[in-house]
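Per-entry structural report
Each chain is listed here by its residues.
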Amino acid sequence: MPDWKKFVADRLHLTALEETRQRDLVDEVASQIEDLYTAAREEGKSEAEAVELASSHIEDWSAFGAEIAKADRLHRRSAVDRLAERSEESLQQRGGLGIDLAAIVRDIAYSLRGLRNSPGFTVVALLTLALGIGGTTTIFTFFDQVLLRPLPYAESDRLVALWEKMRTMENASVSYANFLDWKERNRVFEYIGVWNQTNLNLTGSGDPREVAVARVSASLFPMLGVEPVLGRRFLREEDRAGASPAVILSYGFWQTHLGGDTGVLGQALTLDGHQATVVGVMPPDFRYPPNMPEVDAYAPVGLFAERWAQQRGNHPGLAAVARLRPGVSIESARDDMQRIALELEAEYPDTNTGSGVHVVSLKDRITRGTRDFLVLLFLSVGVLLLIACINVANLVLARNTSRMHEMAIRASMGAGRNRLLRLLLTDSLVLWTVGGVLGVISAEAGVRVLSSLLVDEIPWVFQVALDLRVVGAALGVSLLTGLLFGLFPALRLSRQDPKPFLVDGVRTTGSLARTRLRSFLVAAEVSLAVALLVGAGLAIRSFSKIKGAELGLEPSNVLSIELNLPEASYPDVPERTEFF
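Rules used in this analysis
Residues numbered from 1 in each chain as written. Predicted model: local features only at pLDDT ≥ 70, side-chain atom pairs only at ≥ 80, totals over all residues. Heavy atoms only, no water. Helix = DSSP H or I, 4+ residues; strand = E, 2+ residues; numbered from the N terminus. Contact = heavy atoms within 4.5 Å. Areas by Shrake-Rupley, 256 points an atom, 1.4 Å probe, with all protein chains shown as cover. Patch = residues over 30% accessible without salt bridge, like charges linked within 9 Å, V, L, I, M, F, W, Y side chains within 5 Å. Salt bridge = Lys/Arg side-chain N within 4 Å of Asp/Glu carboxyl O. Axes fitted to C-alpha atoms, helices over the stretch in contact; angles between N-to-C directions. Parallel < 35°, antiparallel > 145°, perpendicular 65-115°, else oblique. Left-handed = near helix turned anticlockwise from the far one by under 90°. Nonpolar A, V, L, I, M, F, W, Y, C, P; charged D, E, K, R; others polar. Buried < 20%, exposed > 50% of the residue type's maximum accessible area, 1.4 Å probe, protein only. Pairing = 2+ DSSP bridges. Core = buried A, V, L, I, M, F, W, Y, C linked by side-chain atoms within 4.5 Å. Phe/Tyr/Trp six-rings, centres within 6.5 Å; stacked < 30°, edge-to-face > 60°. Lys NZ or Arg CZ within 6 Å of the ring centre and 35° of its normal. pLDDT = per-residue confidence, 0-100. Arc of directions from axis to C-beta. Polar contact = N/O pair within 3.5 Å; in protein donor to acceptor, adjacent residues only side chain to side chain.

**So, the overall build of the protein**
Across its full length, the protein carries 19 helices and 10 strands. Counting contacts in the protein only where the partners sit at least 6 residues apart, residues at least 24 apart contribute 77% of the total. Split by element, the accessible area of the protein, about 31800 Å² in all, is 56% carbon and sulfur.

**Overview of a nonpolar patch on the surface**
A cluster of nonpolar side chains, Val 437, Leu 438, Ile 441 and Leu 475, forms an exposed patch at the surface whose accessible area comes to about 310 Å². At 3 residues, the largest contribution of residues to the nonpolar patch is made by helix 17 (residues 417-453). Structurally, the position occupied by Leu 438 is in helix 17.

**What about the packing of helix 8 (residues 176-185) against helix 12 (residues 330-347)?**
Orientation of helix 8 relative to helix 12, taken along the N-to-C sense of each, is 125°, at an axis distance of 11 Å. One way to sum up the angle between helix 8 and helix 12 is to call them oblique. Of the two elements, helix 8 crosses helix 12, and the hand of that crossing is right-handed. Of the residues in helix 12, those in contact with Asn 178, Asp 181, Trp 182 and Arg 185 of helix 8 are Met 337, Arg 339, Ile 340, Glu 343, Leu 344 and Glu 347. Of the residues in the contact of helix 8 with helix 12, the class split is 4 nonpolar, 1 polar and 5 charged.

**Here's the deal with the pattern of salt bridges**
Inspection of every chain in the model, using the stated rule, returns 18 salt bridges. For the salt bridge of Lys 6 with Asp 10, the shortest nitrogen-to-oxygen distance reads 3.1 Å. Here Lys 6 and its partner Asp 10 are both found in helix 1 (residues 4-11), 4 residues apart, which amounts to about one turn of the helix. Arg 158 is paired through a salt bridge with Glu 190; the nearest N and O atoms lie 2.8 Å apart. One end of the pair, Arg 158, is in the loop between helix 7 (119-148) and strand 1 (159-165); the other, Glu 190, is in strand 2 (residues 189-203), and 32 residues separate them in sequence. Through salt bridges with shared partners, a single network forms among Asp 181, Arg 185, Arg 312, Asp 336, Arg 339, Glu 343 and Glu 347.

**Brief notes about the pairing of strand 8 (residues 297-300)**
Burial of the side chains of strand 8 extends over both faces: Ala 297 and Ala 299 are buried on one face and Tyr 298 and Pro 300 on the other. Here strand 3 (residues 209-216) runs beside strand 8; their pairing, made up of 4 bridges, is parallel. Bridge assignment links Arg 215 to a residue of strand 8, and that residue is Ala 299. Bridge count for strand 5 (residues 246-249) against strand 8 is 2 bridges, and the pairing is antiparallel. Residue pairing in the sheet places Ile 248 in a bridge with Tyr 298 of strand 8.

**Focus on the nonpolar core**
Counting residues in hydrophobic clusters, the biggest one holds 48 residues, and the most contacted among them are Phe 221, Phe 234, Phe 286, Tyr 288 and Tyr 298. Per-element tally for this core: the top contributor is helix 7, with 5 residues. For Phe 221, the residues in contact, after removing those within four places along its chain, are Val 216, Val 226, Arg 233, Phe 234, Ile 248, Met 282, Phe 286 and Tyr 298. Listed in part, the 24 residues of the second largest apolar core include Tyr 176, Val 188, Ala 305 and Leu 344.

**Focus on the packing of aromatic side chains**
Under the counting rule described, the total for this entry stands at 14 aromatic pairs. Aromatic side chains Phe 221 and Phe 286 sit 5.8 Å apart centroid to centroid with 80° between the ring planes, which places their arrangement in the edge-to-face category. In this pair, Phe 221 sits in helix 9 (residues 220-224) while Phe 286 sits in the loop between strand 7 (274-281) and strand 8, placing the two residues 65 residues apart along the sequence. We classify Phe 221 as buried; its relative accessible area is 0%. By relative accessible area, Phe 286 is classed as buried at 10%. An aromatic cluster is defined as three or more aromatic residues linked by ring pairs; in this entry it consists of Tyr 153, Trp 195, Phe 221, Phe 234, Phe 286, Tyr 288 and Tyr 298. The ring of Tyr 348 has Arg 312 sitting right over it, with the charged end atom 3.7 Å from the ring centre. Between the NZ or CZ atom of Arg 365 and the centre of the ring of Trp 163, over which it lies, the distance is 3.6 Å.

**Things to note about the confidence of the model for the protein**
Chain-level pLDDT for the protein is 79 on average; 75% of the residues reach the 70-or-more range. Per-element mean pLDDT across the protein ranges from 51 in helix 5 (residues 79-94) up to 96 in strand 9 (residues 319-324). Across residues 504-510, confidence stays below pLDDT 50; counting only partners more than four residues off in sequence or on other chains, it has 6 contacts. Counting interchain partners and residues more than four positions distant, the pLDDT-below-50 stretch residues 576-580 has 23 contacts.

**Digging into helix 1**
Taken together, the buried positions of helix 1 are occupied by Trp 4, Phe 7 and Val 8. Angularly, the buried residues of helix 1 cover 90° about the axis, an arc narrow enough to put them on a single face.

**Observations concerning the pairing of strand 9**
Of all 6 residues in strand 9, 6 are buried, a share of seventy percent or more. Alternating positions in strand 9 separate into two faces, Ala 319, Val 321 and Arg 323 on one and Ala 320, Ala 322 and Leu 324 on the other, with burial throughout. For strand 1 and strand 9, the ladder comprises 4 bridges, and the chain directions are antiparallel. Note that in strand 9 the partner of Ala 161 across the bridge is Val 321. Inspection of the sheet shows strand 2 paired to strand 9 by 6 bridges, in the antiparallel sense. Looking at the pairing, Phe 189 lines up with Leu 324 of strand 9.

**What to know about the side chain of Glu 238**
Secondary-structure assignment places Glu 238 in the loop between strand 4 (230-231) and strand 5. A relative accessible area of 11% means that Glu 238 is categorised as buried. For Glu 238, the side chain forms a polar contact with the side chain of Arg 232, separated by 2.8 Å. Not counting residues up to four positions away in its chain, the partners in contact with Glu 238 are Arg 232, Arg 233, Ala 243, Ala 246, Val 279, Pro 300 and Leu 303.

What follows is the structure in structure tokens.
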């Protein structure tokens, strides 16, 4: 018997296919020819006749090879197809609900193949969705973590910020003498404390350097519900003039300057000529004060307050923060602080006449400079997402119109309107889901870029990063928009009479209703785009005017220099008065 594999391999040229696939096809064709040869011999034909019959079964090997290659390309399954097929078989074996789920898996696999076979439509639609969903997810991350979430402190809804209102100034920092009276006389606060910031000179451990120090009341850390990772908090007796200087290090300073030495407790640091004992190290994620991008160390504010307590009219840049007692409202706190302000005005008319106290939630105080900005950004990207959705809906409507012949064939073979509607909705949901995934991926990079650009606008207490909550919201929005913007085109298409589209050669550009719908979508998209561009133009113009506004002075070639002089060496230098 002839070597039919060699016979087929010499004639069937499938060089465009993989070598393994070529061998499989050669084996399959050789097996069929061998079956013809065997059948001819069993019928009593001679060897020569049987060979002639089998070898002449295929007349044009070139055309036959081309057909095999074409069929192989059409029927070759991707990894997604194979996975979907295995999932469908598994679900069908379970019966009941599994059969319905198997049909859904089959529709999803079909939709993915459709996207793969329409690369132009797929690329444009997915890029549009990735832009809209990615931009919205990026801004929503900031909006959520800065404005919606609570501050990273224990029961932060009970934390309030306080500052003074003077007769000549609406917003002033807190007088330390007034703060001591607030602390003694209030009836609404569980804790109350003050803080300010300064720079002190560190010497005696390598090269001299300037360290950023937050001077805080001993009550601040228990008020915020935070414990040091090493050592302890400040004691009450350490927060007064004349006490032994103590210092608590930030985690970053401990790591970078002291190498994370766990034996740092009890060591002395020389700050502005004074020996301060290290009593603790704060956690790595602790961030306070909110307006200090870097804090190297914390010191008790009372150590510096001897002169402040004696000068009620001195406002040394102190900010006050307090924790409300359980059940006490901010309105009640304002009334109580107004009572104290009136008492102090009667007792100290020279410094407190016309003075008052502002009381607002700490969250509102921290975000006061970013709230309007983030709300405006969020509304803008919301319009951008709507434009993207309308754009993709228009693309889907045009694509569905071109699929009328396919839908007509399905309807003629018994597919009901609900079946066609489910198939079209699956197409839309798959498209929007893939777009949502791409949007989330782009949002990860967007958050990092925007965080670097807004480093001065976003209070440092907020460490903005993409998380599962925002990712879930983004994918949920993707599914919802896919359902909303895919439902109407799908309903339109599923209601069409399939008969005209079964006529060979019929082509259609869409009914009057579809044309009107597409025109409406285009008009809505253009209107929203114009509104967004006008808003952006006005914002740019306002920014340009602010940048070019007259300052009343010539700032070029003018330098501002600030020197921090150690009090031990310069005791006669007065403490400066600071206002917000």
